[in-house]
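What the coordinates show
Next come the chains, spelled out residue by residue.
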Amino acid sequence: MYLQVKTEEQIATEQAWYGSEKVWLVHKDGFSLATLLKTEAGSLPEGKVKIKLEHDGTILDVDEDDVEKANPPSFDRSEDLASLQYLNESSVMHSLRQRYGGNLIHTHAGPNMVIINPLSAPSMYSEKVMHMFKGCRREDTAPHIYAVAQSAYRNLLTTRQDQSIVLLGKSGSGKTTNCQHLVQYLVSIAGSTGKIFSGEKWQAVYTILEAFGNSSTSMNTNASRFSQIVSLDFDQAGQVASASIQTMLLEKLRVTKRPETESTFNVFYYMMSGADSTLRTELHFNHFAENSAFGIVPQSKPEDKQKSSQQFTKLQAAMKVLGISVEEQRALWLILGAIYHLGAAGATKEAGEAGRKQFARHEWAQKAAYLLGCTLEELSSSIFKHQAKGPMQRSTSFRGGPDEVGAGDSSGSKITALDCLEAMASGLYSELFTLVISLVNRALKSSQHSLCSLLIVDTPGFQNPRMAKRQRGATFEELCHNYAQERLQTLFHERTFVQELERYKEENIELALDDIESSTSMSVAAIDQASTQALVRTLARTDEARGLLWLMEEEAVQPGGSEDTLLERLFSYYGPDQGDNKGHALLLKSDKPHHFLLGHSHGTDWVEYDAQGWLSHAKQNPASQNAATLLQDSQKKNISSLFSSRSGGPTVLSGSIAGLEGGSQLALRRATSMRKTFTTGMAAVKKKSLCIQIKLQVDALLDTVRRSRVHFVHCLLPKADAVGVGGEPRVAHGESCDSGLMQLDVGLLRAQLRGSKLIDALRIYRQGYPDHMVFSEFRRRFDVLAPHLTKKHGRHYIVTDEKRAVEELLESLDLEKSSYHMGLSRVFFRAGTLAKLEEQRDVQTRRNITMFQAACRGYLARQAFKKRKIQDLAIRCIQKNIKKNKGVKGWAWWKVFTTVRPLIEVQLTEEQIRGKDEEIQQLKGRLEKVEKERNELRLNSDRLESRITELSSELADERNTGESASQLLESETSERLRLEKDMKDLQTKFDSMKKSMDSMEMEVMETRLLRASELNGEMDDDDTGGEWRLKYERAIREIEFTKKRLQQEFDDKLEIEQQNKRQLERRLSDLQADSEEVQRTAQQLKKKCQRLTAELQDTKLHLEGQQSRNHDLEKKQRKFDSEQNLSQEEVQREKNIREMLSREKDMLTGEVFSLRQQLQDKDLEMCAQNVKLEQLEAELLDLSSQETKDEASLSKVKKTMRDLEAKVKDQEEELDEQAGTIQMLEQAKLRLEMETERLRQTHSKEIESKDEEVEEIRQSCSKKLKQIEVQLEEEYNDKQKVLRERRELETKLLSAQDQVNPRDVETEKRLRKDLKRTKALLADAQIMLDHMKNNAPSKREIAQLKNQLEESEFTCAAAVKARKSMEVEIEDLHVQMDDISKAKQALEEQLSRLQREKNDLQSRMEEDQEDMNELMKKHKSAVSQSTQNLAQISDLQAQLEEALKQKQDVQEKLSALQSQLEFQETSMVEKSLVSRQEAKIREMETKMEFEKTQVKRLESLVARLKENLEKLTEERDHRSTSETREKEQNKRLQRQIRDIKEEMGELAKKEGEASRKKHELEMDIESLEAANQSLQADLKLAFKRIGDLQAAIEDEMESDDNEDLINSLQDMVTKYQKRRNKTEGDSSDSEVEDRVDGVKSWLSKNKGSTKNLSDDGSLKSASPPSRRRFCFDKSDEEEEEKKEGGVSRGSYRSRNTRGSYLNNSNSEDKLSETT
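All of these numbers come straight from a predicted model, not from anything done at the bench.

The rules we used
Residues numbered from 1 in each chain as written. Predicted model: local features only at pLDDT ≥ 70, side-chain atom pairs only at ≥ 80, totals over all residues. Heavy atoms only, no water. Pairing = 2+ DSSP bridges. Helix = DSSP H or I, 4+ residues; strand = E, 2+ residues; numbered from the N terminus. Axes fitted to C-alpha atoms, helices over the stretch in contact; angles between N-to-C directions. Polar contact = N/O pair within 3.5 Å; in protein donor to acceptor, adjacent residues only side chain to side chain. Parallel < 35°, antiparallel > 145°, perpendicular 65-115°, else oblique. Left-handed = near helix turned anticlockwise from the far one by under 90°. Contact = heavy atoms within 4.5 Å. Nonpolar A, V, L, I, M, F, W, Y, C, P; charged D, E, K, R; others polar. Phe/Tyr/Trp six-rings, centres within 6.5 Å; stacked < 30°, edge-to-face > 60°. Buried < 20%, exposed > 50% of the residue type's maximum accessible area, 1.4 Å probe, protein only. Lys NZ or Arg CZ within 6 Å of the ring centre and 35° of its normal. Salt bridge = Lys/Arg side-chain N within 4 Å of Asp/Glu carboxyl O.

1. As for the sheet that holds strand β17 (residues 595-600)
The antiparallel open sheet is built from three strands, whose spatial order is β16-β17-β18. The sheet is open, and its two borders are formed by β16 (587-589) and β18 (605-610), each paired with just one other strand. The mean angle between the axes of side-by-side strands here comes to 25 degrees, regardless of whether they run parallel or antiparallel. Bridging between β16 and β17 involves three bridges; their strand directions are antiparallel. Paired with Lys589 across the bridge in β17 is Phe596.

2. Digging into the side chain of Asn117
Mapped onto the elements, Asn117 comes out in the loop between β7 (112-116) and α3 (127-133). Within the structure, the side chain of Asn117 is placed 2.9 Å from the backbone oxygen of Gly172, a separation counted as a polar contact.

3. Remarks on the pairing of strand β24 (residues 826-829)
As paired strands, strand β22 (residues 771-774) and β24 are joined by four bridges and run antiparallel to one another. From the neighbouring strand, His772 faces β24, where its bridge partner is Phe828. Pairing geometry for strand β23 (residues 820-822) and β24, over three bridges, is antiparallel. Bridging across to β24, Met822 finds its partner in Val827. Between β23 and β24, which pair antiparallel one after the other, the connecting turn spans three residues.

4. Some points on the packing of helix α13 (residues 417-444) against helix α18 (residues 622-632)
Axis separation between α13 and α18 bottoms out at 7 Å; the angle between their running directions is 50 degrees. Considered as vectors, α13 and α18 are oriented oblique to each other. Remark: the crossing between α13 and α18 carries right-handed chirality. Residues Cys420, Ala423, Met424, Gly427, Leu428 and Glu431 of α13 touch α18, and the partners they reach there are Ala623, Ser624, Asn626, Ala627, Ala628, Leu630 and Leu631. In terms of residue class, the contact of α13 with α18 is built from nine nonpolar, three polar and one charged.

5. A closer look at the packing of aromatic side chains
In total, this model carries 23 aromatic pairs according to the counting rule given. Between Phe476 and Trp614 the ring centres are 5.4 Å apart and the planes differ by 65 degrees, which places this aromatic pair in the edge-to-face class. Of the two residues, Phe476 sits in helix α14 (residues 476-506) while Trp614 sits in the loop between β18 and α18, which places them 138 residues apart along the sequence. For the pair shown, Phe476 and Trp614 are each scored as buried. Taken together, Tyr125, Phe133, Tyr146 and Tyr185 form an aromatic cluster joined through their ring pairs. Over the ring of Phe571 we find Lys589, and its NZ or CZ is 5.4 Å from the ring centre. The lysine or arginine in question, Lys636, covers the ring of Tyr370, its NZ or CZ lying 4.5 Å from the ring centre.

6. Some details on the pattern of salt bridges
Here the structure, examined in full by the defined rule, presents 35 salt bridges. Linking Lys22 and Glu54 is a salt bridge whose minimum nitrogen-to-oxygen distance equals 2.7 Å. Of this pair, Lys22 sits in strand β1 (residues 22-27) while Glu54 sits in the loop between β3 (48-53) and β4 (59-63); the two residues are 32 residues apart in sequence, bridging distant segments of the chain. Glu54 gets classed as partly exposed once you look at its relative accessible area, which sits at 37%. Between Glu327 and Arg330 there is a salt bridge, with the nearest N and O atoms lying 3.7 Å from each other. Placement of the pair is Glu327 and Arg330 together in helix α10 (residues 326-345), with a separation of three residues, close to one helical turn.

7. Focus: unusual backbone geometry
Phi is positive for Leu249, which is not a glycine, with a value near 55 degrees. Along the chain, the position of Leu249 falls in the loop between β12 (240-248) and α7 (266-274). We note that Thr261 has phi near 65 degrees; this positive angle belongs to a residue other than glycine. Here Thr261 lies in the loop between β12 and α7.

Here it is in structure tokens:
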């Protein structure tokens, strides 16, 4: 259940509600809403409160007991009454009234369901609504009768335990209708194999039951007059396998007599109105009788006749649906017609023949006899003849039967002919109803195997004629139905209160509950309480209390027994005592004669019963027993065949329960259970008693229900006149069905709630722990919610302490402590907690199943892909074969081969076909034989199983009969001894009384003689007579005086006693008044205490609910905090990634910039090389002009020129490559920028989505998150600002470095150093020039030096390129080596793990092999033992057969002895003979018991041996399968190890090759580095020589004959400038530019300036010293660049500025710059 978020308006409304403190004022008309006003202390009397009514504002002072707390308006239509905040009568009725006004008739009441019968037929029972409830839990659906069926069905599937649904309520509350809805839902949702159970079939079943079992009563126009159990048996798949209906408590006397304004069963009216002409003629219904003894007359209203005719057509169609043939229907109509004609015939006693009983109208009796298939004499003798000898007898004894009729006391009540006729009619209808139930069960029967059952119990509701405004008293049949409902209410009380409290006590759970009131046992005991001497046949009335049914049985056989003595004894046992408060008694006297009041439903429903004629129900009438014989012996075959076929089957139990036949095992088990109820203990003796049969039927019903889990449905009646004519809901004209709340009778609803104890049940449900599970079951079911515990302990972990494991599981689930309680053997939960866990389990299970499905689909996809690959390979193979076939298709030999080959195989194919046909025929024969044998075995097994069940039931019946007989014998023996003792005492008293009478007679005779002698003496002697006369007179005077004195004393004592009595009466009345006042005060205090306790418990529950909500909110808060932390971490990680990308971008930008600088340097070098080339070309021209005759030198110069051109091309290609590299780097930069932008966008989107989720989850934390985001943005902006400031500072620093003052100290030092170096170089150059002047052929050496210079530069560039490529390859090899080493380590770990698994598997295989050997030994020994046991079994079976034979002999002897015993008892033989026979009987019984124990022991031995053999075979199979599985796993592991070893070898080879390549590359790098160093040294030397050569050239160019050289140099400079203009200016080398500028300045100096040489060989410039600049050696510059790692921007700018500055210097400076 999820917490619903309340709006601010709802919260404000609830706060206003709580602030105003609304209450309910309870009054006689119902309850009203009021507001409790606050008053000052002492302003009101104690126990009074002041309230203000809401509807009119009246202010009243009322008692506290009349006020109950009201719930907020949000609970008005609460779906579960247990969820009310304040649980009291008014709140419950208000919720029910609100829901009923909204046409919501179903309401949950904890685990039960409350249904108020609607006044209209709502459209909430469609098939669409059924599918809405299919597969749902109770918590996920709205209250509905389908929800009860779904809950029971779900429990049946999960627990595999039988379920029951019991419907409780008053008559007319809709129990039968809801029963039909339950059956329709279960059949529709569960389905059945082959759809043999359809909704149409069940509708036909209820149509037939309604016709034969329903009638119109004062409370319901279509009331059920019988109780039924609908049994649905389900198979392993949860489908309906079979079904059956058992009926009991049929009101069969309704056929003959019933209360006024009530009708007989509906089928009579249907048949009389709807029979066609043929059927009417056959039934002699062409005209009806004017009156009937049974009161069955046709309907008078045309609309009633039309409706009955339609119902008869519907009834015939229903019978056709159930497979009842036309002949069987005809038999039913014949019996019904015969009952009608018997009522029309009537019975009377003719005046001429006193004592003779016969029919009143013989013509109607003749029709009845014709319809029954017998003669009039047979019918008359069956009804009347058996009553000729004496009074009607009842057979309550164990051996009583129809043969004992007429053997009783002649003082019994005589029965009339009408009683016999009514008994015959009721017996015929009872047999007919039983036949109908058998036919219905025949249509529902199935031979499929069933696993468990679902029972639906429907009984007639509580009947009270006063509710229907009838002045009559309730009948005996209504008492029986009320008794059945009372017993079901007792079952509800037992399951709801008693069992729960006992379970809490067993589990040591302390629960503070109110005093639970006792169940309805007092009213039930007043009906069925048995005495301890129930088994004894005695006619004496004892003082031991017993129920009404037992008293009726006793009074029916007592001489002079009547209803007056019955009620007198009943009130003496259960009536209120003298002086007691009559409110505590449940049995009261009525003002009317033969009437009494009995309080049902805890005294809330008082029913007045009329006991007139009840003793006739306890007397057995033989006419009713003759009905079955009459039908079996009928001359009509369709009647006799139906009833003779049923005579041998156990379809009826003691004439009480019908529908015990059934083909499934569960039906046989139910029938056996009910038989056991009728054959155990007291029932075996009293089962033929008509009154005790009622108790036994209800006992059988409750015993069947108690074996299952019960679901209760309380059906409530909204108004006393809720049901109208025709069974349809009655709505007054002008009144809408949705008129709302006024349709409920509040007083009636309150009485029903109090009678059902629903509020007490809700309170114990709320305060207690209604859901409970055993520790092991709970752990197994909810272990999926804690996967970390499973990982911790392992899946195959054996739990030693289940309680500790459950506690650990509950701690991991983080449940509220008050929501569960740990018992001794099970864990208990508050209401709703287990449902939440089930919902979490379903969610987790769905997630696991989804993952499992994904894995399965992935596996299937991979398998399909493999299959497609195989198919692709097959297709290619087929294509290849087709291509080859095309190649050989025209070959002659191939044609011959394809022609001859089929002819060769024809003969072989035909032989194979014939052989296969023969094999098929043989297999078909074997299959038919096997099928035949299997069917025979199945039939035999079914027959044997049915025979076994029958024998077991017969054996149980015989055993129970023997036990009851022994108990009866013992009780009769004890009673006989007691009577003998009493007779002896009476004999002694009689003797003493006789002696005293003799003595008294002697005294009387003596007195008479004395008187005669006195008279004679007076005449003889007067003197003597005078003396005697004086004595006589004196004695008379003394006697008179004594009488007066005694009278005076007696009067005084009487007056004193009367005064004392008056004082005691006054004192007693005072004490009684005080006692009543105290009791009233105590009752008020108790009610107040209960009310306060209930309010306190409600407050506690509300507090616990708030705590649970707070706990849930805390869990959600923790979850939200964790999610928030994760989102913050993700934001931080995204920011770190963004910063890292920005840093990488800056680094890439720097790298691009450095690469551009390198490209520019390369361009400058290219320009310098071009300049050199032009110079060399100019020199070459000069040399060619000077030495035209030297061809060898010319060729060398051409070769040099070609080499230079090739070198120029290579450099151009290298420049193109560098340009391509730069373009790629720019593209990579662009991609990185785009990727960065995309990441930024996706990150921003994710951040937005995360922000939205966070905003939806918790609005309260949005401010905090926004503040954090603002802080993060500010920090990010601050960081960006710092980075920008850093970049600006760096740019400022670079600009400052560029704009440094030329007079910087360090620059001056470097320039001075360069000046010194230049002077030294000039001195060396002067010396070299002098030397060159002396050596003329120095131009050749110059050319060679140029060639060497070019070669060294080319070699250097190639070496640099090779070095870079080698470095890249070395890095790749390092990466490959790391990957190889990681893979090697992983493979080594996998290999070691596999080796360990292999060792474990080998050890397990060895252990399994040892276990297998032991099992084989055990199996062999078990096989040998089983052969021995089979031999023993055969012997034991032989002994068993002998024992059975002996048992039969013993039974025959026992029956003979019993008959002898009866004869001896009747003939009053000697007691010694009786005792000997009794001893023989005991001896035979002990022998029988010994044989039975032997048989049981042997059967248990056989079953145990079979179980051991099956266990051994199963264990052997399990071991063999595990061994094969482990072998396969071992082979698979060996293959994996072999593959891993091969991979290891390949990786080792790759590792060796990589190490060898690495070593070779390192050697190459070392050699290249050495060559690079040597080339650098040569390059330095070459630069020095070039400087010297330039100085020498300048000296040579000073002469006049070098004009041509100067012109050539000018041409070269102009060409270089043109080429430079074509290319970009930024890409030229600064050094080449300087050199070109130096050449230009030198040329200009040679044309227009003079030059002065000093004595020390240095050059002097005409410019001032401040303008003089010097350059440094190029080799030193290259060394500095290598140390710095590249050319920086500052050096580039300083070089440019330096070069530009040299352009402004004089010619002497230009010359030094060039040098």
